[in-house]
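Examination of the molecular architecture
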Amino acid sequence: MTETSADLAVIGGGLGGVAAALAAARSGLRVLLTEEYDWLGGQLTVQGTPPDEHPWIERFGATASYRALREGIRAYYRRWYPLTAEARADRALNPGRGRVSALCAEPRVAHDVLRALLAPHQASGRLDIRTGLVPCAATTDGDAVTSVTLRSVRDGELLTVTAPFVLDATETGELLPLTGTEFVTGFESREETGEPHAPAEAQPENIQAASWCLALEHRAGEDHTIDKPDDYGFWRDYQPPYWPGPLFGMVAPKPQTLEPARRLLEPNPDPAAPAPPVAGDLDLWAFRRILARENFAPGFLESDVVIVNWPMIDYVEGPLFGGDPETDARHLAGARAMSRAFLYWLQTELPRADGGTGLPGLRTRPDAVGTADGLTMGPYHRESRRIRAVHTVTEQEVSLAVRGEHGAVTHHDAVGVGSYRIDLHPSTGGDNYIDIGSCPFQIPLGALLPRRTVNLLPAAKNIGTTHITNGCYRLHPVEWNIGEAAALLAVHCLRERATPHQVHADERHLATYRALLTDHGVELSWPRVHGY
């Protein structure tokens, strides 16, 4: 076993972890950043999902460093790729022209830009980045975390880190059980939260589906059909009781109404052709496209490249975390197997518009996601363990149906902002989509504070939200903001020799900390002209 120390230990290298490490290092702290996978960036890179963002993201509603990430991705394409003159001149360049976001790009490029943002701090010696490590143990003294031990996924070697503050930026809140920090999973009860969409009784194992995404292109006239998976028959016929047919099919519920709606998959449509008869997420090829041929010089791309994060690969057989190791491993393998089976279904059985079946020209793009087979490095986790917080954000604080013209509840301790619909995918407890309108909201400091533990802070999807409000607080720019706010809270506490709970309780501390956030380009409220 080896040992190391830092001013701040950031365990988990997703978007929240990277934002935290960046903020702490530029503030002069010695930072250790660890990550399980070879890449940093979590849901944007390891999990392959283009950013889910609100419609005002180009103007406001994100931190300055998150904007730097977005503009860095655009600059990467302008510097290194043969863009058309029109694309190069577009200030809001969207490399994939995907409809899910104003910025759909290759996960590999996003990882390169994240690494570039962190590189100066590595060169200065303030930032130590170590990949291939998972937390496996921790020690505590009363209400304080005294050390975290991590195990190498490559050789099993152990690393123990000590730091005055520890941030849990893991994808599923792995430090919470290890440190004895109180947490919740799944659905809380209506009696506990008062939420209109909560069940009568708590359902701790009822967790949103995870999806193992993949990157695809289409080569017309070629055959890239993979070997038939051994469990293909099971997945081909798989049908949850609330689904209108087998999950491997082109009809799925619309999230807002649950009415069955037909999806369209037309690879590489002619840009000059009339628009397809469906739009939005019903047009599977365009919705999460990360490279669009029309943005690049003629002949540069033989095919668009898209990310498969579609209803057909939402894994609901069981949670991917929180059980015993054998059960967790079985569900992880199941989610991955499901996605491979879906690829085979697309190649061999997908109903085509010409009456035929299958698109054998579909093939994965391993280079885009950094793997050998084109499936992403890890699964897309929509939900995590969540701290029992000083303040837990509930549905009635942000729901458009509840709040209406009043907007979301305002918080005197706000440490950032976000906006997205409450977007819950089918879950392991047998629920269909829950899709609820929400108001642009603030991130309260109280949601970043465990009720008891004094020096462990959440820095990802593990803050004090409920199963329901996680649906709008889990997205890319909000997770980044959470990580940045958590790191700057640690910076303030170290400078002022205070605890996070003292900062929350003391108006002078709180004002100084919020001024620090503002100095770093963190927006604390929505513009008044927007009405919130």
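Scroll up to find the structure.
Our subject in this report is the structure included herewith. Note that the coordinates shown come from a computational prediction; the quantities given were computed from them, not determined experimentally.

1. Description of the overall build of the protein chain
The number of helices and strands found in the protein chain is 16 helices and 23 strands. Computed over C-alpha atoms, the radius of gyration of the protein chain comes to 22 Å, within 12% of the 24 Å expected from 2.2 N^0.38 for 532 residues, which places it in the range of a compact globule. Referenced to the eigenvectors of the C-alpha coordinate spread, the extents of the protein chain come out at roughly 70 × 55 × 55 Å. Buried residues in the protein chain amount to 61% of all 532 residues.

2. Details of the side chain of Ser427
Relative to the elements of secondary structure, Ser427 occurs in the loop between β20 (422–424) and β21 (434–436). We classify Ser427 as buried; its relative accessible area is 2%. With residues near it in sequence (within four places) discarded, Ser427 still touches Asn206, Ile207, Gln208, Ala209, Tyr242 and Val316.

3. Notes on the sheet that holds strand β11 (residues 214–218)
Read across the sheet, four strands follow the order β14-β15-β11-β17 without closing on themselves; strand pairing throughout is antiparallel. Strands at the two margins of the open sheet, each flanked by one partner only, are β14 (289–291) and β17 (362–364). Between one strand axis and the next, the sheet turns through 35 degrees on average, direction left out of account. Sitting on the sheet, helix α9 (residues 325–348) is in contact with β11, β15 (305–308) and β17, with an inclination near 15 degrees to β11.

4. Observations concerning the pattern of salt bridges
Under the definition given, this model contains 34 salt bridges. Residue Asp128 is joined to Arg130 by a salt bridge in which the shortest nitrogen-to-oxygen separation is 2.9 Å. Here Asp128 falls in the partly exposed class, since its relative accessible area comes to 26%. With a relative accessible area of 28%, Arg130 lands in the partly exposed category. The salt bridge partner of Arg474 is Asp423, with a shortest N-O separation of 3.4 Å. With Arg474 in the loop between α13 (470–473) and α14 (476–496) and Asp423 in strand β20, the pair connects residues that are 51 residues apart, well separated along the chain. For the pair Arg474 and Asp423, one class covers both residues: buried. Connected via shared salt-bridge partners are Glu217, Arg219, Glu302, Arg363, Arg365 and Asp367.

5. Quick look at the nonpolar core
In terms of nonpolar packing, the biggest core is built from 94 residues, with Tyr77 and Tyr513 touching the most fellow members. Ranked by the residues each element gives to this core, the list is headed by α14, at eleven residues. Setting aside residues no more than four positions away along its own chain, Tyr77 makes contact with Leu83, Leu93, Pro95, Ala105, Glu106, Val109, Leu291 and Phe296. Counting 40 residues, the second largest nonpolar core, distinct from the first, contains Leu216, Tyr238, Tyr242 and Met250.

6. Observations concerning α14
End to end, α14 covers 30 Å across 21 residues, agreeing with the expected 30 Å (1.5 Å per residue, within 8%). Burial within α14 is extensive, with 18 of its 21 residues counted as buried. One or two positions beyond α14, positive phi appears at Arg497, with a value near 55 degrees.

7. Concerning the sheet that holds strand β6 (residues 144–152)
Pairing within the open sheet is mixed, and its four strands lie in the order β1-β7-β6-β5. A single partner strand is all that each edge strand has here, and the edge strands are β1 (2–5) and β5 (133–141). Pairwise comparison of adjacent strand axes, ignoring direction, gives a mean angle of 25 degrees for this sheet. In terms of strand pairing, β5 meets β6 through eight bridges, oriented antiparallel. Within the sheet, the bridge partner assigned to Ala137 lies in β6 and is Thr149.

8. Describing the pairing of strand β19 (residues 414–418)
For β19, the buried fraction is high: five of the five residues fall into the buried class. Taken together, the three bridges between β19 and strand β22 (residues 441–444) define a ladder with antiparallel strand orientation. The partner of Val417 across the bridge, within β22, is Gln442.

9. Re the packing of helix α1 (residues 15–26) against α14
The relative placement of two packed helices comes down to the angle between their axes together with the axis-to-axis distance. Running from N to C, α1 and α14 point in directions that differ by 35 degrees, and their axes come no closer than 7 Å. Here the hand of the crossing between α1 and α14 comes out right-handed. Where α1 abuts α14, its residues Leu15, Gly16, Val18, Ala19, Ala20, Leu22, Ala23, Ala24 and Arg26 lie against His476, Glu479, Trp480, Gly483, Glu484, Ala487, Leu488 and Val491. Residue composition of the contact of α1 with α14, grouped by class: eleven nonpolar, three polar and three charged.

10. Some details on helix α2 (residues 64–80)
Here α2 spans 24 Å end to end across 17 residues, near enough to the 24 Å set by a 1.5 Å rise per residue. Those residues of α2 that are buried are in contact with α1, α4 (107–124), β14 and α14.

11. Section: the environment of Gln347
Here Gln347 lies in helix α9. By relative accessible area, which is 3% here, Gln347 ends up buried. With 14 residues separating them along the chain, Gln347 and Gly361 place their C-alpha atoms 7.2 Å apart. Ignoring anything within four residues of it in the chain, the contact list for Gln347 reads His224, Thr225, Ile226, Gly358, Leu359, Pro360 and Leu362.

About the thresholds
- Residues numbered from 1 in each chain as written.
- Predicted model: local features only at pLDDT ≥ 70, side-chain atom pairs only at ≥ 80, totals over all residues.
- Heavy atoms only, no water.
- Helix = DSSP H or I, 4+ residues; strand = E, 2+ residues; numbered from the N terminus.
- Rg over C-alpha atoms; globule rule 2.2 N^0.38 Å.
- Buried < 20%, exposed > 50% of the residue type's maximum accessible area, 1.4 Å probe, protein only.
- Contact = heavy atoms within 4.5 Å.
- Pairing = 2+ DSSP bridges.
- Axes fitted to C-alpha atoms, helices over the stretch in contact; angles between N-to-C directions.
- Salt bridge = Lys/Arg side-chain N within 4 Å of Asp/Glu carboxyl O.
- Core = buried A, V, L, I, M, F, W, Y, C linked by side-chain atoms within 4.5 Å.
- Expected span 1.5 Å × (residues − 1).
- Left-handed = near helix turned anticlockwise from the far one by under 90°.
- Nonpolar A, V, L, I, M, F, W, Y, C, P; charged D, E, K, R; others polar.

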